[in-house]
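# Observations on the three-dimensional arrangement
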Amino acid sequence: MIKIKNHYLKIILSYLLIAMAATLAAYSLDTFLIPNTILDGGVTGISIIISKITAVPLSLLIILINIPFVYIGYRNLGKSFLIRTIFSMLIFSLALNYFENFHEVTDEILLATIFGGVLLGISVGLIIRLGACIDGTESVALVISKKTSLSVGQIVMAFNFIIYGVAALIFGIDRALYSVLTYFITYR
């Protein structure tokens, strides 16, 4: 009986931690990075670019663009990954929607880059450790990393350099470089 209670307690705790981390990730994006036109990478970065160009809500784009990536993750990483990832992405999307009207914490670009990157890195790292992700490229990277000697971070970095190249063309080289710096902080 104690093992059963302990098992369920671990599951509940892991979902609470995923929810807290997904909320922290959304907070870092909405209050540090996005107001300063600093992009995250992966599906989130693509969604930010599309949202800024089209005014389609970021929270909706994150869900829609992630669907094929989550499916790939499910096919290769299983049902538990799927359930945790859907949960984390829904919390992330809802929190992005909630925090989008909050004022930016700072308009100092370097502070926004550093603190946004640190908060994002802590939250994404915790979510991945708990068997989920908030960005579809992470799920594809998890699959590739299991079949190669490359780390999840190295694979995501390759995706991100393409996204940051597009960002340089649209928002300027300085914003792309700050986005790269944020990625390196998050990666660490």
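Everything quoted here is computed from the prediction, not taken from an experiment.

Rules of the game
Residues numbered from 1 in each chain as written. Predicted model: local features only at pLDDT ≥ 70, side-chain atom pairs only at ≥ 80, totals over all residues. Heavy atoms only, no water. Salt bridge = Lys/Arg side-chain N within 4 Å of Asp/Glu carboxyl O. Buried < 20%, exposed > 50% of the residue type's maximum accessible area, 1.4 Å probe, protein only. Core = buried A, V, L, I, M, F, W, Y, C linked by side-chain atoms within 4.5 Å. Helix = DSSP H or I, 4+ residues; strand = E, 2+ residues; numbered from the N terminus. Contact = heavy atoms within 4.5 Å. Expected span 1.5 Å × (residues − 1). Axes fitted to C-alpha atoms, helices over the stretch in contact; angles between N-to-C directions. Parallel < 35°, antiparallel > 145°, perpendicular 65-115°, else oblique. Nonpolar A, V, L, I, M, F, W, Y, C, P; charged D, E, K, R; others polar. Left-handed = near helix turned anticlockwise from the far one by under 90°.

## Topic: the pattern of salt bridges
Going through the model one piece at a time under the given rule, you end up with one salt bridge. Close ionic contact of Arg175 with Asp174 constitutes a salt bridge, the shortest N to O distance being 3.8 Å. Among the residues examined, Arg175 registers a relative accessible area of 25% and is labelled partly exposed.

## Section: the nonpolar core
General note: in soluble globular proteins, nonpolar side chains tend to be found buried as a group. Counting 43 residues, the largest nonpolar core has Leu29, Phe92, Leu96 and Ile134 as its most contacted members. Residue assignment for this core shows that the elements contributing at least two residues are α1 (2-33), α2 (42-54), α3 (58-77), α4 (79-99), α5 (109-129), α6 (136-147), α7 (152-171) and α8 (173-187). Among the elements that make up this core, the one with the highest residue count is α1 (eight residues). When sequence neighbours within four positions are dropped, the list of residues in contact with Leu96 reads Ala26, Leu29, Asp30, Leu58, Ser59 and Ile62.

## A short note on the environment of Ile127
By secondary structure assignment, the location of Ile127 is in helix α5. For Ile127, the residues in contact, after removing those within four places along its chain, are Ile18, Ala21, Ala22, Ser88, Ala132, Cys133 and Ile134.

## Some words on α7
Taking 1.5 Å of rise per residue, 20 residues should cover 28 Å, and α7 covers 27 Å from first to last C-alpha, within 8% of that figure. Residues Val152, Gly153, Ile155, Val156, Met157, Asn160, Ile163, Tyr164 and Ala167 constitute the buried set of α7. Tucked inside the fold, the buried residues of α7 contact α2, α6 and α8. Where α7 terminates, the next one or two residues include Gly172, which has phi positive at roughly 110°.

## Describing the packing of α3 against α4
With their axes 10 Å apart at the nearest point, α3 and α4 run at an angle of 170° to one another. Between α3 and α4, the crossing angle belongs to the class labelled roughly antiparallel. Counted together, Leu58, Ser59, Leu60, Ile62, Ile63, Asn66, Val70, Gly73, Tyr74 and Leu77 of α3 and Lys79, Phe81, Leu82, Thr85, Met89, Leu90, Phe92, Ser93, Leu96 and Asn97 of α4 form the full contact between these two elements. Here the residues of the contact of α3 with α4 are counted per class, giving 13 nonpolar, six polar and one charged.

## Considering the side chain of Asn160
With respect to the element layout, Asn160 can be found in helix α7. According to the relative accessible area criterion, Asn160 is buried, its value standing at 1%. Non-local contacts of Asn160, meaning those with residues more than four positions away in its chain, are made with Gly41, Gly42 and Tyr183.

## Here's the deal with the packing of α3 against α6
In the contact formed by α3 and α6, the axes pass within 7 Å of each other and the chain directions differ by 30°. In terms of orientation, α3 and α6 fall into the roughly parallel class. Viewed along their axes, α3 and α6 form a crossing whose handedness is left-handed. Facing Asn66, Phe69, Val70, Ile72, Gly73, Asn76 and Leu77 of α3, the residues of α6 in contact are Gly136, Thr137, Ser139, Val140, Leu142, Val143, Lys146 and Lys147. When grouped by side-chain class, the residues that make up the contact of α3 with α6 number seven nonpolar, six polar and two charged.

So far we have only geometry, and geometry alone does not tell us how the molecule works.
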